[in-house]
Every structure is written in structure tokens, then in C-alpha cells.
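What the coordinates show
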Amino acid sequence: MASTLNSAVRLLDLAAGRYGSKVGVADASSELTFARLRELALRAGTRLIREGVQGAPVIVYLDKSVNCIVSFMAVMYSGGPYVPAAADIPLQRLEKIIANLEPGCIITDTAKAAALDGIELGGAKVLIYDETVGGEIDESLVYSRLNGVVDTDPIYIMYTSGSTGTPKGVTVCHRGVIDYVSWTSSTFGLTSEDVLANQAPFYFDNSIFDIYGCLITGAKLIIIPEQFFVYQNMLPEFLRDNGVTTIFWVPTVMINVANSHELEKVELPKLKRVLFCGEVMPNLQLNMWRRALPDCIYANLYGPTEITDVCSYYIVDREFEDHEPLPIGRACKNMRLVILDENNNEAAPGEKGELCVIGSGVALGYWNELELTARAFVQNPLNPSYNEWMYRTGDIAYVGGDGLIMYCGRKDFQIKIKGNRVELGEIEAAAMCLENVQNVCAVFDAENERIVLFLESKGDFKLRTINKELLKYIPKYMLPSALRVMEKLPHTANDKIDRKTLGAMLREEGL
Ligand code: AMP
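To start, this report covers the structure provided alongside it. (Residues numbered from 1 in each chain as written. Predicted model: local features only at pLDDT ≥ 70, side-chain atom pairs only at ≥ 80, totals over all residues. Heavy atoms only, no water.)

1. Describing the site of the ligand
Inclusion rule: Whether a residue is near a molecule or strand depends on its heavy atoms: it is near if one of them lies within 4 Å of it. Residues adjacent in sequence count toward polar contacts only when both atoms are side-chain atoms; beyond that, a polar contact is any pair of N or O atoms within 3.5 Å, and within protein one must be able to donate a hydrogen and the other to accept it. For the area figures, the Shrake-Rupley method with a 1.4 Å probe applies, and any residue is considered shielded solely by the protein chains shown. In this description a helix means any DSSP run of H or I spanning at least four residues, a strand means any run of E spanning at least two, and both kinds are numbered starting from the N terminus. In the scheme used here, Gly and all other residues not listed as nonpolar or charged are polar, with Ala, Val, Leu, Ile, Met, Phe, Trp, Tyr, Cys and Pro taken as nonpolar and Asp, Glu, Lys and Arg as charged.
Around the ligand, the surrounding shell holds 17 residues, and the nearest of these are Leu301, Thr305, Asp395, Lys416 and Arg421. Note that an oxygen atom of the ligand is positioned 2.9 Å from one of the side-chain N or O atoms of lysine 416. Interatomic distance of 2.6 Å between a side-chain N/O atom of arginine 421 and an oxygen atom of the ligand. Calculation on the ligand without its partners gives an accessible area of 490 Å², and the protein chains cover 97% of this total. Of all the secondary-structure elements, those providing two or more residues to the shell around the ligand are strand 13 (297-302) and strand 21 (405-410). Here the shell around the ligand gets three residues from one element, more than from any other, and that element is strand 13. Considered class by class, the residues forming the shell around the ligand number seven nonpolar, four polar and six charged.

2. Thoughts on the side chain of aspartate 498
Here is the rule we go by: The classification of residues rests on relative accessible area computed with a 1.4 Å probe and restricted to protein chains. Under 20% of the type maximum is buried, over 50% is exposed, and intermediate values are partly exposed. Only four residue types enter the charge count: Lys and Arg as positive, Asp and Glu as negative, with His and the chain ends excluded. A side-chain nitrogen of Lys or Arg and a carboxyl oxygen of Asp or Glu constitute a salt bridge if their distance falls within 4 Å. Between two residues, a contact is recorded if the distance between any of their heavy atoms is within 4.5 Å.
For aspartate 498, the location among the structural elements is in the loop between strand 26 (482-486) and helix 17 (499-509). Buried charge aspartate 498 goes without a salt bridge, the closest partner of opposite sign being lysine 500 at 7.2 Å. Once residues within four sequence positions are removed from consideration, aspartate 498 is found in contact with Pro490, His491 and Thr492.

3. Focus: helix 1 (residues 10-19)
Within the sequence span of helix 1, burial applies to Arg10, Leu11, Leu12, Asp13, Ala15 and Ala16. Looking at the buried residues of helix 1, the elements they touch are helix 2 (34-50), helix 3 (66-77), helix 7 (139-146), helix 8 (174-187) and helix 9 (206-217).

4. Some remarks on the sheet that holds strand 25 (residues 450-456)
Put simply, the rule reads: Whether two strands pair comes down to DSSP finding at least two bridges between them. Fitting a line to C-alpha atoms yields each axis, with helices limited to the stretch in contact; the angle taken between N-to-C directions then spans 0 to 180 degrees.
In space, the three strands of this open sheet follow the order 24-25-26, with mixed pairing throughout. Only two strands of the sheet have a single neighbouring strand rather than two, namely strand 24 (439-445) and strand 26. Sheet twist, expressed as the mean angle between neighbouring strand axes with direction ignored, is 20°. Relative to strand 25, strand 24 runs antiparallel, the two being bridged by seven bridges. Following the sheet pairing, asparagine 439 is matched in strand 25 by glutamate 456. Helix 15 (residues 424-431) rests against strand 24 and strand 25 of the sheet, and its axis sits at about 145° to strand 24.

Laid out in C-alpha cells, this is it:
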């Protein structure tokens, strides 16, 4: 059925038809049935069309809540892509996104609308959420717009860290999402009886599994309230009290829960699926989960934002020793993974190379960034016969003896810190805006999982004051946790900042 849909919002129409009176989405203060979710989205969608949005992207800038999901659906009803923005996004970063995106509208609340007064909106209209859902529905207007959508049109644009300091807008199409959730729901056997607990922020594509997994199956989605991420040892109780059957979390959260030892104390008879994605899952904590909850299915999913969340998976079928690498497995349906060597030939089994992805989930590219797009999204060099869009992930991988793909890290300066994707270049670009700074280098100290900022300056700097400044440009999770000021940063023979020497200094001298 899903294979014939032109827009992912049709999944909401279907869910409202089949499971109308069932709760579809819930947060700490409210819950919406599928029918009510659709009704509110149609009201807001009608309003967007009447505002003349004409398929232009719409930023959703709200606190994480069911209102975000209503807004995403509304934007799809208006025929355009939605753009989730974090509620605590630094305004300077939002301004850069707006400049790149040229959105038609921004849906927000009154308090955030006031904050938007201070930045350049490039003509985007600001709509207050409560007002957009208060108007009437014009179904014929909405569906005539929706009928014009094709499944290769953009569904959302998610901004991810950019190495030049400007975030990149990964533009994903409806087909990618529809195929992906058709695959996940059948592979993991989700049904309308299931309850999913959403951890991922909506600007992070792990949330696609949660939102559309519920729409396609009629399962219930509960947005986990923020306080549970401050006190992560309370998460098992949350899962128990809400009858959660399925989680799809970043390993960082799973690690914290395992280390709290609450899994050994709280009974979770309903939990059936423990899926994780976004960074390396350490076996130590994975084994703690498996021992505490031996009847659950565990799956390591892999994928960058540029391929609609996930392109490979491995269902954990045995205990792994602490030092063994956990496979990222095999390609999902409608996706193909190829490992290319330095000469763009297919790497031999066991040989490391760059992991490249082909298939319906591959994004359309980076919004308004054709050059950047052309570098990462290329013609499959193994195919001389027809156009085949391939995404070069920048991840290093090899095919293991059993045909399973093994992940071995990055070939560039992109890192994962507590599940968040960060280009060290974005931190450096922000640090270059500080006064009296001649040069900068951000180094990831993997052993201690922290970012260290090296500054070339004759000035006197304190980490706390620097971070206060940096927060104007970059989100909290990108802030360095250590600082070193040097009169001159070391340089390589070809005059680049010598990251290796800085890394060695960290290891040898500490900070
Ligand atoms: P994001 O775009 O935020 O989803 O980050 C994508 C990057 O996270 C990938 O390119 C990988 O480097 C890393 N990643 C995602 N899933 C996994 C996984 N299961 N194991 C190891 N690294 C992963």
C-alpha cells in the first residue's frame, strides 16, 4: 500500500481512517488521537496555503511536543518540506539557516516569535502555532495541493553541522521516508499495539523511525519529557510506567541507562525491541542490556542523515567480547552499500574503504548548496551505463568474513559527541569570531570524549567566558570542555595547523 503513496502525510490519512480514535502521539501534557492529529494538521495546512507558502520550506521552531508533529504534518499538507529547528538553537545559527533556506514561513510560539525580532528573516512570515491550528479546514484546497506532490519531492530538510561553519540542509524526499518505514515496520514487526518512546530530537533523523513508524502501523508515540534525559536513570521506570514496547535510541543514552544499573531493578516485561543508531554502541553496555532483558530483539542500525536515517542493520545474535567490533550488518531493503577504495574500485572483502550508499533513501542533496552536493552525492563510479545517485558517507568500513559490514570510523574531522554529529570546523568557525583570536583548532579527545579548543592568541581567556560567547553561534553540545591558549599553533610543512602534534600534546601533557 505504502509503495503507491506520493506523500508521507498520506500515512496520517490512512492512520486516521483506521485508528482514528486511538491515541497516536503524546507528550508530558497532552495526547492526540490520530483523527485529532489529522484535524489539527489540516487546519494548519489550510492556513499555510492561504498564507501563500506555495511549497516553500517551513521552519518549525517550537518546544519539543506533539505540536511539532502537528506542524510537520501541516507543512506536508501544504505541499512543502518542513525544517525542524531545536527550541534552544542559537539565534545566529538559526539566522544562517534562514539565509540558506529562504523559508516561506516559520511556525513558532509567542515567546520565540519575540526572539526572532532580533534576526534577519529574509521575508519569512512568522506564524503562531496556536493561531494556525485555530482556523477552518479547506480539504479541497489542501488535497488539490497535495495531489501535485510527487514522491521524489522534499519532505524535510534537516540541518546538520557544516565544516565551514554554516550548517548543511540535508534534503530528503517522501519516497525515502515511505520506503524506510515500510521496511522498519515489517522487519521489526511493529503493530498498532506497540508503544514507542521517542528520545531523538526532531532535528535528528532517528526521530523519523519514531514518527512515521507510528503513522504506518497505528502504534502510539510518546515523546519522553526532557527531565528524563537529565536523570537518565529514571528512563527504565518511564518505559515501565508507559508500557513501552520499542525504543530506538542513540547509544549514549543506552550506555547511561546501563551504567545506572536500573535495568537490573526495574521489570520491563513489555519491552520487545531495543534498536540503536547514530554512533558506536560499546559491547560492555550492550551486554548489560542483553543480560537484564534477554527476550528483547537488539539491532545495531547504521546511517547518516543523508540517507533517510538508516541504510544497514545488524540484529545482534550473540554475545560480543568487549574488544570485538559490532557489525553494522547488511543493507536495508531498497538500499545498497558499496565500499570503494582510493581509486574508486570496489574494495576486496576485508579491505578498508569508503562506505557509499545507493537507493531510495539517498537524499536529494544539500539545500541551496549545489557544489557541496556534487562533492558528496556522485554518479556511482562502478556504473558506466546510466545515472545512479550515490552518497559518499566519509565513513571507513570493510566487509567481514561473514559478509557483514564493519564500521571503522571517519576519514575526516566529523565526530560524534554524546550522539550528536559535529564538524570540528563549525566550532573553529565560531571560535574565530572571538575577539583577539588569531587562529584556532578544535581537537576531539576520543579517550575522554571531549572537545578541546586550542587558541592562538596573546590574550587571556577563560573557558567559561569563551563558551558563553560561543553559545551565540553553536549549540551547547558543541562547546569545548577544555581550552589551551598558545602564542603560536604548530603548523605542518605545507602550513596547515598540525592536528597530529596537538593530539599528541593532549595525550602526553594532558590538559
Ligand atoms: P547522523 O547524520 O547524525 O546520523 O550521523 C551519521 C554518522 O554517525 C555516520 O556517518 C557514522 O559515522 C555514525 N554512525 C551512525 N550509525 C552508526 C552505528 N550504528 N555505528 C557506528 N557509527 C554510526
